[in-house]
Each structure stands twice: as C-alpha cells, then as structure tokens.
Amino acid sequence: MEHHERVEKVGIGIIGCGNISAAYLQGAANFPILDIRGVADLHAPAAQARATEFGVPYRTVEALLADPAIEIIVNLTIPAVHVEVGLQVLHAGKHVYSEKPLGTTTAQARNLLALADARGLRVGCAPDTFLGGAQQTCRKLVDAGAIGQPVAGTAFFLCPGHERWHPNPAFYYAQGGGPMLDMGPYYITALVNLIGPVARVSGSTLRARSERRITSEPLNGSTIAVEVATHVAGTLEFVSGAVVSIATSFDVPKHRHSPIELYGTEASLLVPDPNHFGGQIELARPGEDWRAQPTEHGWAESTLRSIGVADMAHAIRADRSHRASGALALHVLEVMEAFQLSSDTGRHVPIASRPERPPMLPTLQTVRKTTAPWRFEHA
C-alpha cells in the first residue's frame with residue numbers, strides 16, 4: 001500500500017512553460033509526492049513568469065538536467081521536439097514524462113523507449129485523463145460486463161480549429177501537428193483503456209485549406225501555413241473484435257456527435273469527453289432510455305493534469321509499472337500514424353504493438369477516507 005504520509009517525495013523538473021504548463025503546475029499541488037524543484041524554458045521569460053505565478057524555482061534547462069535531486073523531468077515542449085528533449089533527459093540519467101504525443105513518428109518514439117530500456121529508466125506520456133474518475137468508472141462498467149461484449153463504437157473530436165483561441169497556434173498545422181496527433185491521443189488512449197489494443201486501422205485524410213487566418217490574440221489577422229491533414233477519419237479494429245469509427249477535425253463549424261459511444265451486446269455506453277477528468281456517464285439497454293451512472297472513482301475534477309506524473313512517482317517508489325506508460329503512448333502513436341499511411345496507400349494498416357491495459361484505479365469505496373483517492377496502488 002502507498003501511504004502518502006510515508007512515501008519519500010520525488011523531485012520533479014519541468015521543461016517547457018507554454019500554455020499547458022499552468023495546468024500541470026496547478027494539478028501537481030494535489031499530489032504530495034510531487035516536489036517541483038524547478039521550471040525551465042529556452043525562452044527564459046516564460047519560465048520566470050511561471051515560476052513567479054506558482055512559487056516554484058526558475059532554473060535553466062542545463063541546471064534541471066544536472067540536479068541529482070530531480071528524478072523525473074516533465075517534458076512540455078512542442079511535439080516536434082518531444083523526442084529530442086526526451087533523449088536529453090534520458091542521457092542525463094533521469095526518467096521522462098512527456099506531453100502528448102510521444103513523438104511525431106513511431107520510429108523516433110521507439111528510439112526513445114529503446115534508450116530508456118537500455119538505461120533502466122522510465123518513459124511516461126500524456127494523456128492522463130483516462131485516470132480521471134469518469135473514465136475509470138466507464139472502465140469498471142465495461143470490465144463488469146455492463147454493456148456485454150463490446151461490439152462497436154464511435155469517437156469524435158470536431159472543431160473549427162485552434163487558431164480561434166491559442167495565442168501561438170502555428171505548431172498545430174506544422175509537421176507533427178493536426179487534429180489526430182493533437183486530440184487523437186485522448187480518444188484513442190481512452191478506448192484502449194476501455195477495450196484493449198488496436199489491431200488494424202483504415203483511414204482517409206483531407207487538408208481543406210493551405211493556410212489559416214489567426215483570430216486569437218496577440219497574432220489576430222496573421223496567417224499560418226497548413227502542412228498537415230486537418231480532417232482525419234477512419235476505423236479502428238480492436239484485438240477484441242470491436243470496430244470503432246473515429247474522426248478528428250479542425251474543419252467542422254459545429255456538430256452534435258457525442259465524444260465517445262460504446263455499443264455492446266447488452267447495452268450502449270455514453271463515455272464523457274476524454275479531454276477532461278469528469279463528466280456525465282450514461283447507459284442504455286435495449287428498449288430503455290439513457291440512465292445516468294454515478295462516478296465511482298476519485299479525481300473527477302478538471303485540474304488534475306499531473307495525475308499521470310504522480311502515478312509514475314508512486315510507481316518508482318513502489319517498484320511497479322506506471323499507468324500512463326511509454327508503451328501505451330507508442331501504441332497510440334502507431335495507431336494515429338496509421339491513418340495517414342492508410343489514406344496514402346488505400347489499404348488497411350496492421351498495428352504491431354500490443355500494450356497491456358493499465359490496471360484500474362481503486363474505487364472510492366475501496367479507498368480509506370484517511371488516505372483519499374490520490375493513492376495509486378493496484379486495485
């Protein structure tokens with residue numbers, strides 16, 4: 001058992017102080033095991049601002065990598081350099097936890113995991129929203145047979161594009177960006193957590209425009225080049241036999257699709273938005289209306305973006321596997337990469353990797369009130 005009163009803190013450094021770093025630092029405050037020992041960014045003013053905002057030390061990248069008290073570096077850089085920075089972290093002898101995706105290609109990502117394996121170090125990767133209360137409760141329902149055998153499903157992320165709100169959205173449309181690599185990790189990771197790994201992918205892709213006009217500040221009115229597909233659709237065939245239709249898009253003005261629906265032999269399940277930790281779960285059996293299901297797991301709030309790092313820290317102390325693993329992230333990346341390959345070649349693409357589903361977190365009913373649901377031991 002992992003009692004927070006007795007577990008030695010794990011030193012954490014953060015490299016990359018862009019938009020998402022605030023969510024990580026805010027979430028980290030919920031987990032006593034995480035000791036934030038510094039934040040760094042190649043753009044020093046960004047790191048200094050975050051350090052001041054959250055009362056943590058400002059450090060250089062070199063200082064973080066050299067600090068023996070830091071065990072995990074959280075890599076929040078842009079996707080194009082996730083692997084490059086991750087390799088630096090591993091060469092410095094530290095574990096790395098990366099923002100999604102693990103890399104822009106599976107070939108790069110495999111190099112990262114190979115070096116970690118050779119050095120006896122860990123790789124973790126976002127998203128960690130599948131550890132939130134809503135997704136974990138959906139996992140419990142599926143595992144308990146509430147929908148019977150999963151047969152099919154749908155998964156949709158559709159929006160008009162991130163240039164409407166992000167202060168510097170160009171990387172979303174550069175190589176390594178696009179709606180599948182940006183948002184697909186949430187949906188595919190949630191599906192793998194619920195029904196297991198993917199066996200085969202078919203896909204079609206579209207780049208609707210060659211440039212986009214930014215409407216967010218401070219770059220309102222400027223244009224950015226589009227280098228990647230901005231609408232990606234296809235089918236996921238799971239090892240279990242289930243078939244799920246998926247679409248991710250930066251080209252849809254508005255829609256009425258649910259984020260994820262699963263259809264089983266006994267019932268259908270409405271799964272909340274996997275970009276969040278909570279949300280309303282609903283179940284319907286043949287001939288019945290949708291019925292709300294209570295959330296039975298903790299951490300259903302929206303500010304817990306560091307839960308995967310905390311689980312990794314506890315796993316290091318307990319000498320067990322961590323849930324938001326490099327192997328899981330590699331599988332998700334291989335699946336996402338397969339959509340473009342399938343579209344380009346006009347054929348199904350088999351998926352080689354076969355990660356195990358991460359162990360489910362304990363339910364609220366199985367966690368003692370004195371230690372609360374932040375504990376991450378196996379259920």
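**Student:** Describe the pairing of strand E6 (residues 150-158), listing the residues and the values that go with them.
**Tutor:** For E6, a buried count of 7 out of 9 residues is recorded, marking the element as mostly surrounded by other parts of the structure. Bridging between E6 and strand E12 (residues 260-264) involves 5 bridges; their strand directions are antiparallel. Bridge assignment links Ala 155 to a residue of E12, and that residue is Ile 260. As defined by bridge partners, E6 adjoins strand E11 (residues 243-249) across 7 bridges and the pair is classed as parallel. The residue of E11 that forms the bridge with Phe 156 is Ala 247.

**Student:** Explain the sheet that holds strand E16 (residues 349-350) to me, using residue names and the numbers behind them.
**Tutor:** Note: strands within a sheet are paired through backbone hydrogen bonds, in either parallel or antiparallel orientation. Taken together, the 9 strands give an open sheet; going across it, the order is E15-E14-E13-E12-E6-E11-E10-E7-E16, and neighbouring strands pair in mixed fashion. Lying at the two open borders of the sheet, with one neighbouring strand each, are strand E15 (291-293) and E16. Sheet strands in contact with helix H7 (residues 179-195) are E6, strand E7 (198-206), strand E10 (231-238), E11, E12 and strand E13 (268-271), and its direction is about 155 degrees off that of E11. Across the sheet, helix H9 (residues 326-345) is in contact with E7, E10, E11 and E16; its angle to E7 comes to roughly 50 degrees.

**Student:** Tell me what's going on with helix H2 (residues 44-54), and back it up with residues and numbers.
**Tutor:** Within the span of H2, buried status applies to Ala 47, Arg 50 and Ala 51. One side of H2 carries all its buried residues, which in axial view fall inside an arc of 100 degrees. Lining the buried residues of H2 we find helix H1 (21-28) and strand E2 (34-40). Within two residues after H2, Gly 55 carries a phi angle of roughly 65 degrees, on the positive side.

**Student:** Quick rundown of the packing of helix H6 (residues 133-143) against H7? Include the residues and the values.
**Tutor:** Interaxial distance between H6 and H7 falls to 8 Å at its minimum, and their mutual angle equals 35 degrees. Between H6, through Gln 135, Gln 136, Cys 138, Arg 139, Val 142 and Asp 143, and H7, the contact on the second element is made entirely by Ala 190, Asn 193, Leu 194 and Ile 195. A per-class count over the contact of H6 with H7 returns 5 nonpolar, 3 polar and 2 charged.

**Student:** I'd like a description of the pattern of salt bridges, backed by residues and values.
**Tutor:** Tallied over the full model, the rule gives 17 salt bridges. Close ionic contact of Asp 143 with Arg 357 constitutes a salt bridge, the shortest N to O distance being 3.0 Å. With a gap of 214 residues between them, Asp 143 in helix H6 and Arg 357 in the segment after E16 connect regions that are remote in the sequence. Residue Asp 143 is classed as partly exposed on the basis of its relative accessible area of 40%.

**Student:** Give a detailed account of the pairing of strand E4 (residues 95-98), specifying residues and quantitative values.
**Tutor:** The two faces of E4 match: His 95 and Tyr 97 on one face and Val 96 and Ser 98 on the other face are all buried. Sheet analysis places strand E3 (residues 72-75) next to E4, joined by 4 bridges and oriented parallel. Within E4, the residue paired with Asn 75 across the bridge is Ser 98. The β-α-β motif built from E3, the intervening helix H4 (residues 82-91) and the parallel element E4 has right-handed crossover chirality. Relative to strand E5 (residues 123-125), E4 is paired through 3 bridges, and the arrangement is parallel. If you follow Val 96 over to E5, its bridge partner there is Val 123. Between the parallel pair E4 and E5, the chain is carried across by helix H5 (residues 106-119), and the sense of this crossover is right-handed.

**Student:** If you had to explain the side chain of Thr 77 to someone new, which residues and values would you point to?
**Tutor:** Inspection of the secondary structure puts Thr 77 in the loop between E3 and H4. Judged by relative accessible area, Thr 77 falls into the buried class, the value being 18%. Among the polar contacts made by the side chain of Thr 77, one reaches the side chain of Asn 75 at a distance of 2.6 Å. Excluding its chain neighbours within four sequence positions, the residues that come into contact with Thr 77 are Ile 15, Gly 16, His 82 and Val 85.

**Student:** With reference to specific residues and values, describe the sheet that holds E4.
**Tutor:** In space, the 5 strands of this open sheet follow the order E2-E1-E3-E4-E5, with parallel pairing throughout. At either margin of the open sheet sits one strand with a lone partner, and together these are E2 and E5. Pairwise comparison of adjacent strand axes, ignoring direction, gives a mean angle of 25 degrees for this sheet. The pairing of strand E1 (residues 10-15) with E2 spans 6 bridges and is classified as parallel. By the bridge assignment for E2, Gly 11 is matched with Asp 35.

**Student:** An account of the state of the cysteines is requested, with residue identities and associated values reported.
**Tutor:** Following the criterion strictly, the structure yields 0 disulfides and no others. Counting only cysteine sulfurs, Cys 125 is the nearest neighbor of Cys 17, a cysteine outside any disulfide, at a range of 18 Å.

**Student:** Tell me about H9, and name the residues and values.
**Tutor:** Here H9 is 20 residues long and its end C-alpha atoms lie 28 Å apart, about the 28 Å a rise of 1.5 Å per residue gives. Of all bends in H9, the biggest is about 25 degrees, found at Ala 338. Once H9 ends, the next one or two residues include Gly 346, with phi positive near 70 degrees.

Cut-off values and rules
- Residues numbered from 1 in each chain as written.
- Predicted model: local features only at pLDDT ≥ 70, side-chain atom pairs only at ≥ 80, totals over all residues.
- Heavy atoms only, no water.
- Buried < 20%, exposed > 50% of the residue type's maximum accessible area, 1.4 Å probe, protein only.
- Helix = DSSP H or I, 4+ residues; strand = E, 2+ residues; numbered from the N terminus.
- Pairing = 2+ DSSP bridges.
- Contact = heavy atoms within 4.5 Å.
- Axes fitted to C-alpha atoms, helices over the stretch in contact; angles between N-to-C directions.
- Arc of directions from axis to C-beta.
- Nonpolar A, V, L, I, M, F, W, Y, C, P; charged D, E, K, R; others polar.
- Salt bridge = Lys/Arg side-chain N within 4 Å of Asp/Glu carboxyl O.
- Right-handed = clockwise from strand over helix to strand, strands pointing away.
- Polar contact = N/O pair within 3.5 Å; in protein donor to acceptor, adjacent residues only side chain to side chain.
- Disulfide = S-S within 2.5 Å.
- Expected span 1.5 Å × (residues − 1).
- Bend = angle between axes of the 7 residues up to and from the residue.

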